[in-house]
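Here are the chains, one letter per residue:
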Amino acid sequence: MRKYLFLVILISILACKEDKTSDSELTNIDYTEFVNPFIGTDGTGHTFPGPSRPFAMVQPGPDNTDQGWDYTSGYQLKDSTIIGFSNTRASGTGISEFGDVLLFPFTKESDSLSAKKTDETADVGYYKVDLNNGVQAELTSTDRVGFHRYTYPSQKAKLLVNLQHGLRFITDSLVLDSDITIEADKKTISGYCHTSNWVERKYFFTLTFDQTYDSIRQLPLGPKENAPKSILDFTLKNNILKAKVALSSVSVDGAKKNLNSELNHWDFEQVRQESKEVWNTYLSKIDIEAEDKQKTIFYTSMYHLFLQPSNIADVDGRYRGADDQIATAKNGEYYSTLSLWDTYRAAHPLYTILVPERVDGFVNTFLAHHKAQGYLPIWTAWGQENHCMIGNHSIPVIVDAYNKGFDGFDYHEAMTAMVESSTENHLNSDWDLYNKYGYYPFDYLDNEAVSRTLESGFDDYAISIMAKDMGMDSIAGVFAKRAKYYENLFDPETGLMRGKDSKGQFRTPFNPLDATSPMNNPGDYTEANAWQYTWTTSHYDVENYTKLLGGKDQFTEQLNTFFSISGDGDNKHLGQEGLIGQYAHGNEPSHHIAYLYAYSNTPERGNELITEIYNKFYDETPEGITGNDDCGQMSAWYIFSTLGFYPVNPANTEYVLGIPQVEKATINLQNGKTFKIRKTKQLEDLSIQLNNKEIERIIKHQDVIGGGTLEFK
């Protein structure tokens, strides 16, 4: 017996030693080696391969063209043509914006102002392409400065500086006016462009070279063009030309301050190396043990998660607000590229774990935007509102921060902003109509009426729980009542949320499989059908929706039907992509639904589906993201699901347990603690333990950030 006990103790010691050694070894990894910036650059992922720093203002990269749904980031891998290298863009969006200050290197007057790529590579903080005109282009960047290095085949070199260029959506004009200065040093061009596309905005820049140009001439402008396109001739030293492009939303002086503060030298390799070091501090926030393929998908997802939102405040903290006025940001942070309809679901909850130092800055941005515009941001680019998508999902992000104990913002100011945004009519919301009927009737609102009702219901719920916690019972009561408005659209015959007119009649005919979208097939739902949007209520009210269906058996049956019923097939423009039955992983309304099996009679079925989605709709290839990455939301789902839990309700501090997709993962928390996830290879009669105590279905945010071990045995 003593011999047996000795062996048990020895095995336990070795197991502990192996575990600790493994974590220690992982922390020495260069995590950037597992990032492939080409993932998502082919197909509908809409990512880009150019360099960036985390949450940076500038993101230089190659542009294949200046418009088209496939080119919202300016780039598709399968397109071999490159028209130049611009300095701003968004990652994974469904609409184009940015593409500021395009540079294109070439060698001869007879050359086309575009080229074919012959070889192309990308790494964290670095992009390189060889062009068939003989030029090699390389890019790196700091937070506010794009750094270009062009190697020509000879000393004679030409460069197009195209300030008319931008990544356009519908518009055929883009630049409304510009004011450009060719500075006397023959090295610098500065100015501003006032553009109108997805948003109307102003950007200011300074472009400087490491050597003087010999001559400069202007190309003739076409119809509706209001910014110069210049050809510069150089006689180069060592056949290399370097250029730095600093941006600002405030002024040319702001751009120059950004340049002088961040990049006052010409050492390209130093900037590239610094980018890797910065990125390693972010990527190392989670260690996983996995095969290289899985690590590549995972750490590229981490990379995509941290590309946006972008801090567009200058180094002195100044920014241009939604009212076109200059203000100074609290703590130098003012974030934009806020794709909140997407990112409130998982990306923002993940930020509260991995980058808590950013969260107060996000919320203070929302409050500053409210002060300037009169309501909280919905979807912003360069600090300007584009009113894209529905609901006002700054609200659950604020409430999530409040509930998790973030205190770097004014709670009462936040409550005022949320209430005003939810009661005073603005372009995206008719609250008089909403309150009069208890839903949006489709005969008064002929597009997205059901989806708008359901999305607003979640915002209402979020306000109600924060108001209740703050002792504001009257406000809490009003919004708790509004949060139940979805009941007015519940169709007991189908168990789905169905359009209803102002007379209280359901829309007929009704095809619950028919997907609608405001851009190309108007109807009651936003990039989804009735099956997909109905589950919005289960973000926050699973219990009541289960009751409406008739009980847990019926809830389980509804989920099973949802994941098995066939429909009209893939249609990426209607949110029908990445299908399992009616589950559409390519668009955000479906993202939490597999985790709802935790509330059903068959939670193990949810774990099977989570694993299927995880393996089926992500891979390490350029087509490795199914659907737009949407500023990191698609990536956030992958990260959470790797760890084994997900914020079904992204406002109440709870995470619903699924099943980890790795045997070992460790979250390295900002407070110096670690939260470890462990899973045995074979799971039968699953037991889940948090710090050696058995739990079911839910863990709290405080459980995670408090450190400890979550075991799936």
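Residues numbered from 1 in each chain as written. Predicted model: local features only at pLDDT ≥ 70, side-chain atom pairs only at ≥ 80, totals over all residues. Heavy atoms only, no water.

Topic: the packing of helix α7 (residues 356-373) against helix α8 (residues 394-403)
Alright, step 1. Two elements in contact, α7 and α8, have axes separated by 10 Å at closest approach and are oriented at 135°. Classified by the angle between their axes, α7 and α8 sit oblique to one another. Handedness of the α7/α8 crossing: left-handed. Each of V359, V363, F366 and L367 in α7 lies in contact with α8, whose residues at this interface are S394, V397, I398 and A401. (Axes fitted to C-alpha atoms, helices over the stretch in contact; angles between N-to-C directions. Helix = DSSP H or I, 4+ residues; strand = E, 2+ residues; numbered from the N terminus. Parallel < 35°, antiparallel > 145°, perpendicular 65-115°, else oblique. Left-handed = near helix turned anticlockwise from the far one by under 90°. Contact = heavy atoms within 4.5 Å.)

Focus on unusual backbone geometry
Alright, step 1. A cis geometry characterises the amide bond from Q308 onward to P309, with omega recorded as 0°.
Alright, step 2. Looking at the secondary structure, you find P309 in the loop between α4 (292-305) and β17 (310-311).
Alright, step 3. The omega angle of the peptide bond from T508 to P509 is -5°, so this bond is cis rather than trans.
Alright, step 4. In this fold, P509 is placed in the loop between β25 (496-497) and α13 (530-534).
Alright, step 5. A positive phi angle, close to 60°, is found at N238, a residue other than glycine.
Alright, step 6. Counting through the fold element by element, N238 comes out in the loop between β14 (229-235) and β15 (240-248).
Alright, step 7. With relative accessibility at 68%, the residue N238 sits in the exposed group. (Buried < 20%, exposed > 50% of the residue type's maximum accessible area, 1.4 Å probe, protein only.)

Looking at the nonpolar core
Alright, step 1. Residues F306, F563, F645, I667, F675 and L710 are the most contacted members of the largest nonpolar core, which totals 192 residues.
Alright, step 2. Examining the composition of this core, we find that 9 residues originate from one element, helix α11 (residues 449-469), more than from any other.
Alright, step 3. When near neighbours in sequence (up to four residues on either side) are disregarded, F675 contacts F645, A665, T666, I667, L669, L690, I699, D703, V704, G707, G708 and L710.
Alright, step 4. Grouped together as the second largest cluster of nonpolar side chains are 8 residues, Y126, A246, L259 and V271 included. (Core = buried A, V, L, I, M, F, W, Y, C linked by side-chain atoms within 4.5 Å.)

Things to note about the sheet that holds strand β34 (residues 698-700)
Alright, step 1. Pairing is antiparallel across the open sheet formed by 3 strands, whose spatial order is β28-β29-β34. Of all strands in the sheet, those bounded by a partner on one side alone are β28 (645-646) and β34. (Pairing = 2+ DSSP bridges.)

With respect to the pairing of strand β6 (residues 126-131)
Alright, step 1. Of the strand pairs in this sheet, strand β5 (residues 115-123) and β6 are connected by 6 bridges, and their pairing is antiparallel. Paired with K117 across the strands is L131, a residue of β6.
Alright, step 2. Here β5 folds back onto β6 in antiparallel fashion, the turn holding 2 residues, of which G125 has a positive phi close to 75°.
Alright, step 3. Where β6 lies against strand β7 (residues 136-141), 4 bridges are found, and the strand directions are antiparallel. Looking across to β7, one finds that Y127 is bridged to L139.
Alright, step 4. Hairpin connection between β6 and β7: a loop of 4 residues separates the two successive antiparallel strands, and G134 in this loop has a positive phi of roughly 95°.

Considering the sheet that holds strand β31 (residues 674-679)
In any sheet, the strands associate via hydrogen bonds between backbone groups, in a parallel or an antiparallel arrangement.
Alright, step 1. A sheet is described by the order of its strands in space; here 6 strands give the open sequence β16-β30-β31-β35-β32-β33, paired in mixed fashion. At either end of the open sheet lies a strand with only one pairing partner, and these are β16 (286-289) and β33 (693-695). Adjacent strand axes in the sheet meet at a mean angle of 20° when their direction is disregarded.
Alright, step 2. With 4 bridges joining them, β16 and strand β30 (residues 664-668) adopt antiparallel strand pairing.

Side note on α4
Alright, step 1. In this model, α4 (14 residues) spans 20 Å end to end at C-alpha, consistent with the 20 Å of a helix rising 1.5 Å per residue.
Alright, step 2. Among the 14 residues in α4, 12 count as buried, and that is most of the element.
Alright, step 3. Regarding α4, the residues found buried are Q294, K295, T296, I297, F298, Y299, T300, S301, M302, Y303, H304 and L305. (Expected span 1.5 Å × (residues − 1).)

With respect to the pattern of salt bridges
Alright, step 1. This model, assessed by the stated rule, comprises 38 salt bridges.
Alright, step 2. Notably, a salt bridge pairs R149 with E138, separated by 2.9 Å at the nearest N-O pair. Of this pair, R149 sits in strand β8 (residues 145-151) while E138 sits in strand β7, placing them 11 residues apart in sequence. Assigned by exposure class, R149 and E138 land together as buried.
Alright, step 3. Among the salt bridges present, the one from E620 reaches K293, with a minimum N-O distance of 4.0 Å. You can see E620 sitting in the loop between α16 (603-616) and α17 (633-643) and its partner K293 sitting in helix α4, a full 327 residues away along the chain. (Salt bridge = Lys/Arg side-chain N within 4 Å of Asp/Glu carboxyl O.)

From the geometry alone we can't say anything about function, so treat these as descriptive.
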